[in-house]
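Observations on the three-dimensional arrangement
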Amino acid sequence: MATDKNLTINENHTNKVYVPLADIYETEDLYSLKLEIPGVPKENLDISIENNELTISAKTALDAKPEGKCRYSEFSSMDYKRSFRIGNDIDRSKVEAKLENGVLTLLLHKHETVKPRKITINQIN
Amino acid sequence: MYTYNFFEDAMNLRDIFDDFFTRRTSHEPYREFPFVKIYEGDDRLTITSLMPGVKAEDIDIQLVDDSLVITGEKKPDYEEKPYLRKERFFGEFKKMIKLPYRVNHQNIKADLKDGVLSITLEKSEDAKPKKIEIL
């Protein structure tokens, strides 16, 4: 039978998975990532690094519907997932994460060995 | 037992096309920021809106006539650093929502949590149906 998946989507309660928007900058000793994940509390957030891949997945807490019928909607309840390929210059044990106002900030520190080092020149007369 | 059904495959192909057009990143340019959702109960209206990165003091909510006006500014949090990627949007926004019924002006609640603004409005007493007794 040909069935329309879109009609049954509500019964299965499968949230759409969105790719959150990100801002990334790099300095001499770290990478900073900012991702927008509105509606996600800290405990629903999962950040992992596996095989040079940083994965951020988040489940929304907006599943609970308020009283009444939905009259108008510009967004569906969404989960988020995004992966980034990272190099060996990042220290896996030094990753800081902060969640504020629906914006996740990740600080990926670089290894000490890859940070630029100033070499002092000894003057010998 | 499994019988091959042509429509199953045809529908899968259609879903791929549908996904391509409907599934996108959270950046949806044809809608105005911030995205809202309105729930209408018998005596209560709940408006939820996604506004990541907006602080409570930068949002202004006003009740004008029979509309709710949300204005605010999403201030850029850029630092003086060399950026590899800039995907997020910043700037001022204004959104007007026409309410389906008159609301109680005194009892409006607005919460901002995890980048989601939720506004609860109550139906005003004189908008509720009133039974008139026949004497």
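Higher on the page you've got the structure.
Cut-off values and rules
- Residues numbered from 1 in each chain as written.
- Chains lettered and ligands numbered in written order.
- Predicted model: local features only at pLDDT ≥ 70, side-chain atom pairs only at ≥ 80, totals over all residues.
- Pairing = 2+ DSSP bridges.
- Helix = DSSP H or I, 4+ residues; strand = E, 2+ residues; numbered from the N terminus.
- Contact = placed C-beta atoms within 7 Å.
- Nonpolar A, V, L, I, M, F, W, Y, C, P; charged D, E, K, R; others polar.
- Axes fitted to C-alpha atoms, helices over the stretch in contact; angles between N-to-C directions.
- Core = buried A, V, L, I, M, F, W, Y, C linked by C-beta atoms within 7 Å.
- Buried ≥ 20, exposed ≤ 12 C-beta atoms within 10 Å, placed from the backbone.

**Let's talk about the pairing of strand 9 (residues 103-110) of chain A**
Residues and elements named next belong to chain A. Here strand 3 (residues 30-36) pairs with strand 9 via 7 bridges, running antiparallel. Paired with L33 across the strands is L106, a residue of strand 9. Linking strand 8 (residues 90-100) to strand 9, which pair antiparallel, is a turn of 2 residues; within it N101 sits at a positive phi near 55°.

**A short note on the interface of chain A and chain B**
Every contact between the two is made by 34 residues of chain A and, on the other side, 36 residues of chain B. Those elements that place two or more of their residues in the side of chain A that touches chain B are strand 1 (16-18), strand 2 (22-26) and strand 6 (69-73) of chain A. When its residues are assigned to classes, the side of chain A that touches chain B shows 18 nonpolar, 6 polar and 10 charged. Two strands pair when backbone bridges link them, and strand 6 of chain A and strand 1 (residues 35-40) of chain B are joined in this way by 4 bridges, in the antiparallel orientation. The partner of Y72 of chain A across the bridge, within strand 1 of chain B, is I38 of chain B.

**Brief notes about the sheet that holds strand 7 (residues 78-85) of chain A**
Residue and element names in this part refer to chain A. Read across the open sheet, the 4 strands follow the order 1-7-5-4; overall the sheet is mixed. Because the sheet does not close on itself, it has two edges, and the strands there are strand 1 and strand 4 (45-50). Direction aside, neighbouring strands of the sheet carry axes that sit 20° apart on average. Bridge count for strand 5 (residues 53-58) against strand 7 is 6 bridges, and the pairing is antiparallel. Bridge pairing in strand 7 places I56 opposite R82.

**Here we look at the nonpolar core**
If you look at soluble globular proteins, the nonpolar side chains tend to sit buried side by side. In this structure, L35, I37, Y80 and L104 of chain A together with I47 of chain B are the most contacted members of the largest nonpolar core, which totals 32 residues. Looking at this core, the elements that each hand over two or more residues are strand 3, strand 5, strand 7 and strand 9 of chain A together with strand 1, strand 2 (44-50), strand 4 (67-74) and strand 8 (116-123) of chain B. Among all residues touching L35 of chain A, those that are not within four sequence positions of it are P20, A22, I56, R82 and L104 of chain A.

**Quick notes on the sheet that holds strand 4 of chain B**
To summarise the sheet geometry, strands pair through backbone hydrogen bonds and adopt either a parallel or an antiparallel arrangement. Residue and element names in this part refer to chain B. In space, the 3 strands of this open sheet follow the order 3-4-6, with antiparallel pairing throughout. In the strand order of this sheet, the two ends are held by strand 3 (59-64) and strand 6 (91-98), each with one partner. Sheet twist, expressed as the mean angle between neighbouring strand axes with direction ignored, is 15°. Pairing geometry for strand 3 and strand 4, over 6 bridges, is antiparallel. Residue pairing across strands places I59 opposite G72, the latter belonging to strand 4.

**Quick look at unusual backbone geometry**
Despite not being glycine, N51 of chain A has its phi angle at roughly 45°, a positive value. If you trace the backbone, N51 of chain A turns up in the loop between strand 4 and strand 5. The phi angle at D114 of chain B is positive, at roughly 50°, despite the residue not being glycine. With respect to the element layout, D114 of chain B can be found in the loop between strand 7 (103-113) and strand 8.

**Quick notes on the environment of L99 of chain A**
Residues and elements named next belong to chain A. Among the secondary structure elements, L99 is positioned in strand 8. Remark: the alpha-carbon pair of L99 and Y72, spanning 27 residues in sequence, is separated by 29 Å. Leaving out residues up to four positions away in the same chain, L99 has contacts with K42, L45 and L104.

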